[in-house]
Amino acid sequence: MRGIASCYNEHAIRVSDSYCSRPSNQAFLCPKLNHSSRDSVTCMYKVNLISTLQRVLFITLTWTKKLMGQGFTITITNSGHSPSKFNARQLMRKIKGNQTFKSHNFEIQVLWDLSDARYEEGPEPVGGFYVVVLVDSELGLRLGDRTESEDQSLNLDVKEAKFSMVSRSERFSGTAVYATKAKFSENGIAHDIVIKCGAEEEGSKSHVLSVCVDKKTMFQVKRLRWNFRGNQTIFVDGLVVDMMWDVHDWLFNPNSASAVFMFRTRSGLDSRLWLEEKTLQNHKEQDRIGFSLLICACKNSD
């Protein structure tokens, strides 16, 4: 396994706490440009249930904000290998509520309170809210920053499953600057990510793609009309992360004018850079699901 790290180190870019904190001649102090607006956020969580024979469940939550108001959608599936078999979709438009429905022979109960929710940008709250999903009376998912007294008022004295986010998708519209945050590992820190796609200089016909992580330029892609699709490997929190882009329609199709960017950690034993002394100890990591961040960007909102 030593060859993997040495091979990637030759061409990849490493992001670590020390790298992001020290000064650098290549520092990209992201300018205060008008960022695109975030229209929707979709997060998929893997839930390891305790009290059922079918131990793995996937809960997808989509936050949306439209002219008719904002809310979220809950989608349930019982297999990561059969994502098309979603059979439960409930749109929650009320700011506070409690709803129960059936999905894959499970009884799903959703409790939420957005009455005091705080928002910074986009439809996803950053505080003052809670969303709770119970699966056959087992606590499968809890989001938000509610207090212990609020927990007691919800009567959540139940078994609690282990859950983790495995993917996050964000849809933007507006200018060609996309800013977000992402944690690439469960125990890692949240990293600031800024993607800029535009003319290399004012009035220039040559386009450039810049990817910034924690106020540092990770890489730039020039002559974007020739390199409208591609990938780059970076290291984040000791993980191998592949960054892929497709800006073909953004450049050449004025009707759709959309672009797609993805960050994806590698799953399995090749996802860590330092495994030589821990290969046997971490053998179960082969089955670990990697994390992915997908950004879909449009020049204009629908």
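Attention in this report is confined to the structure presented alongside it. (Residues numbered from 1 in each chain as written. Predicted model: local features only at pLDDT ≥ 70, side-chain atom pairs only at ≥ 80, totals over all residues. Heavy atoms only, no water.)

1. Side note on the pairing of strand S18 (residues 292-298)
Here is step 1 of the chain: Counting buried positions along S18 yields five of seven residues, so the element is predominantly enclosed.
Here is step 2 of the chain: Summarising the sheet, strand S10 (residues 162-173) and S18 pair through seven bridges and their orientation is parallel. Bridge pairing in S18 places Ser 167 opposite Ser 292.
Here is step 3 of the chain: Sheet analysis places strand S17 (residues 258-265) next to S18, joined by seven bridges and oriented antiparallel. By the bridge assignment, Ser 258 is partnered in S18 with Cys 298. (Buried < 20%, exposed > 50% of the residue type's maximum accessible area, 1.4 Å probe, protein only. Helix = DSSP H or I, 4+ residues; strand = E, 2+ residues; numbered from the N terminus. Pairing = 2+ DSSP bridges.)

2. Comments concerning the sheet that holds strand S14 (residues 216-221)
Here is step 1 of the chain: Spatially, S11-S12-S13-S14 is the arrangement adopted by the four strands of the open sheet, whose pairing is antiparallel. A single partner strand is all that each edge strand has here, and the edge strands are strand S11 (177-182) and S14. Shown here is a sheet whose adjacent strand axes are inclined to one another by a mean of 15 degrees, direction ignored.
Here is step 2 of the chain: Bridge analysis of S11 against strand S12 (residues 191-199) gives six bridges, and the strand direction is antiparallel. Bridging from a neighbouring strand, Val 177 pairs with Lys 196 of S12. (Axes fitted to C-alpha atoms, helices over the stretch in contact; angles between N-to-C directions.)

3. Things to note about the sheet that holds strand S7 (residues 106-113)
Note on sheets: strands pair through backbone hydrogen bonds, and any given pair is parallel or antiparallel.
Here is step 1 of the chain: Strands sit in the order S6-S7-S8-S9 across an open sheet of four strands; the sheet is antiparallel. The open sheet terminates on both sides in strands that have one partner only, identified here as strand S6 (96-103) and strand S9 (138-144). The average undirected angle you get between the axes of adjacent strands in this sheet is 15 degrees.
Here is step 2 of the chain: Across eight bridges, the pairing between S6 and S7 is antiparallel. Within the sheet, the bridge partner assigned to Thr 100 lies in S7 and is Gln 109.

4. Comments concerning the pattern of salt bridges
Here is step 1 of the chain: With the rule as written, the count across this model stands at eight salt bridges.
Here is step 2 of the chain: Put simply, Asp 113 and Lys 96 hold a salt bridge, and the shortest N to O gap is 3.9 Å. Linking Asp 113 in strand S7 with Lys 96 in strand S6, this pair joins segments that are 17 residues apart in sequence.
Here is step 3 of the chain: Relative accessible area serves as the criterion here: at 52%, Lys 96 is assigned to the exposed category.
Here is step 4 of the chain: The salt bridge partner of Glu 170 is Arg 168, with a shortest N-O separation of 2.6 Å.
Here is step 5 of the chain: On the basis of relative accessibility, which here comes to 11%, the residue Arg 168 falls in the buried class. (Salt bridge = Lys/Arg side-chain N within 4 Å of Asp/Glu carboxyl O.)

5. Section: the packing of aromatic side chains
Here is step 1 of the chain: Enumeration over the complete set of coordinates arrives at ten aromatic pairs.
Here is step 2 of the chain: Seen from their ring centres, Phe 184 and Phe 291 are 6.0 Å apart, and the 85 degrees between their planes marks the pair as edge-to-face. Pair noted here: Phe 184 is in the loop between S11 and S12 and Phe 291 is in the loop between S17 and S18, with a separation of 107 residues, a long-range link.
Here is step 3 of the chain: Using a relative accessible area of 6% as the deciding quantity, one classes Phe 291 as buried.
Here is step 4 of the chain: What links up through ring pairs into an aromatic cluster is the set Trp 63, Phe 72, Trp 112 and Phe 129. (Phe/Tyr/Trp six-rings, centres within 6.5 Å; stacked < 30°, edge-to-face > 60°.)

6. Considerations on the environment of Leu 139
Here is step 1 of the chain: Along the chain, Leu 139 falls in strand S9.
Here is step 2 of the chain: For the pair Leu 139 and Phe 163, spaced 24 residues apart in sequence, the C-alpha to C-alpha distance is 9.8 Å.

7. Here we look at the nonpolar core
Here is step 1 of the chain: Ranked by internal contacts, the top residues of the largest apolar core, which has 31 residues, are Tyr 178, Phe 184, Ile 195, Leu 209, Phe 261 and Phe 263.
Here is step 2 of the chain: Among the elements that take part in this core, strand S16 (residues 239-246) stands out by supplying four residues, more than any other.
Here is step 3 of the chain: Those residues in contact with Phe 184 that lie beyond four places of it in its chain are His 191, Ile 193, Val 236, Leu 239, Val 241, Phe 263, Thr 265 and Phe 291.
Here is step 4 of the chain: Counting 26 residues, the second-largest nonpolar core is a separate cluster that includes Val 47, Leu 57, Ile 59 and Leu 114. (Core = buried A, V, L, I, M, F, W, Y, C linked by side-chain atoms within 4.5 Å. Contact = heavy atoms within 4.5 Å.)

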